[in-house]
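Chain and residue survey
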Amino acid sequence: MSDHRGSIQEMLAANLRRARALHGLSLSELSRRSGIGKATLSQLESGSGNPTIETVFSLSRALEMPVSDLLDARPPGGLTVVRADDVEVLSGEGVDLRALRRIDTGDTVFEVYDQQFRADCRQESLGHTGTEHTVVQCGRLGVRVDRHEVELGPGDYVGFDASLPHAYLATGGPVRSVLLLQYRKDQGAPQVTPHRDSLPPLGR
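Quick look at the structure, then.

Definitions and limits used
- Residues numbered from 1 in each chain as written.
- Predicted model: local features only at pLDDT ≥ 70, side-chain atom pairs only at ≥ 80, totals over all residues.
- Heavy atoms only, no water.
- Helix = DSSP H or I, 4+ residues; strand = E, 2+ residues; numbered from the N terminus.
- Buried < 20%, exposed > 50% of the residue type's maximum accessible area, 1.4 Å probe, protein only.
- Axes fitted to C-alpha atoms, helices over the stretch in contact; angles between N-to-C directions.
- Parallel < 35°, antiparallel > 145°, perpendicular 65-115°, else oblique.
- Left-handed = near helix turned anticlockwise from the far one by under 90°.
- Contact = heavy atoms within 4.5 Å.
- Pairing = 2+ DSSP bridges.
- Core = buried A, V, L, I, M, F, W, Y, C linked by side-chain atoms within 4.5 Å.

1. Some points on the environment of L22
The topology assignment puts L22 in helix α1 (residues 8-23). Looking at L22, the relative accessible area reads 73%, which means it is exposed. Spatially, the C-alpha atom of L22 lies 9.8 Å from that of L63, the residues being 41 residues apart in sequence.

2. Remarks on the packing of α1 against helix α4 (residues 53-63)
Contact geometry for α1 and α4: axes closest at 11 Å, N-to-C directions at 20 degrees. Regarding the angle of α1 to α4, the classification is roughly parallel. Seen from above, α1 lies across α4 with left-handed handedness. Residues L12, L16, A19 and H23 of α1 pack against V56, L59 and L63 of α4.

3. A short note on the sheet that holds strand β10 (residues 175-184)
Here we have six strands laid out as an open sheet, ordered β1-β2-β3-β10-β5-β8, and antiparallel in their pairing. Edge strands, defined here as strands with exactly one partner in the open sheet, are β1 (90-91) and β8 (157-161). Summarising the sheet, β1 and strand β2 (residues 95-105) pair through two bridges and their orientation is antiparallel. Bridge pairing in β2 links S91 to D96.

4. Some details on the sheet that holds strand β9 (residues 166-170)
Within a beta sheet, neighbouring strands are joined by backbone hydrogen bonds and run either parallel or antiparallel to one another. Here four strands make up an open sheet; going across it, the order is β4-β9-β6-β7 and the pairing antiparallel. The sheet terminates laterally at β4 (122-125) and β7 (148-152), the two strands that pair on one side only. Between one strand and the next, the sheet's axes are offset by a mean angle of 15 degrees, whatever the strand orientation. Here strand β6 (residues 141-145) pairs with β7 via five bridges, running antiparallel. Across the sheet, L141 pairs through a bridge with L152, a residue of β7.

5. Considering the nonpolar core
Of all hydrophobic cores here, the largest spans 39 residues; its most connected members are L30, L59, L63 and V143. At six residues, α4 tops the list of elements feeding residues into this core. In this structure, L63 is in contact with L16, A19, H23, L25, L30 and L70, ignoring residues within four places of it in sequence.

That is the geometry; function is a separate question.
So this is what it looks like as structure tokens:
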């Protein structure tokens, strides 16, 4: 998804400034919609901030745009090879993501991520734009979507409406998986007020 011409911070800074101008939003209004402080937003727009997964998904939701529109420097066509060591890691409370590729086809956008969960760590989301698909490669992964819970093993797949509150928990050790986010190009993100306590703990 990146052609490595800039860091995550640099790409997010440029794309965030562009998106905020396009939507005609002040820093104060974007702060209100995203639940991110004005000082943090200002740092992100200047390229001096340290974005996390939670921050990027909050911005995706508030600006009604795919994550890749915030992080992407579009790659050239033809053969695309992305080496794991060349991709910056975007970290959250329980997971490390490496953005591998954005694919535009017809009226649909796909984002492909290498997704690695840390052992016994939970990653929560109040919901964001799109449909989420995960395939576990190794380890065991607990998944909660709204009030439903499943546990996945190697080779197992789960897909769901990503606007629903959801959480992942690596049970018994680290988990490696592939994450595919799917969007309609005209799809807007739901306006969800961030409130972490609204998501029940993920059981085992």
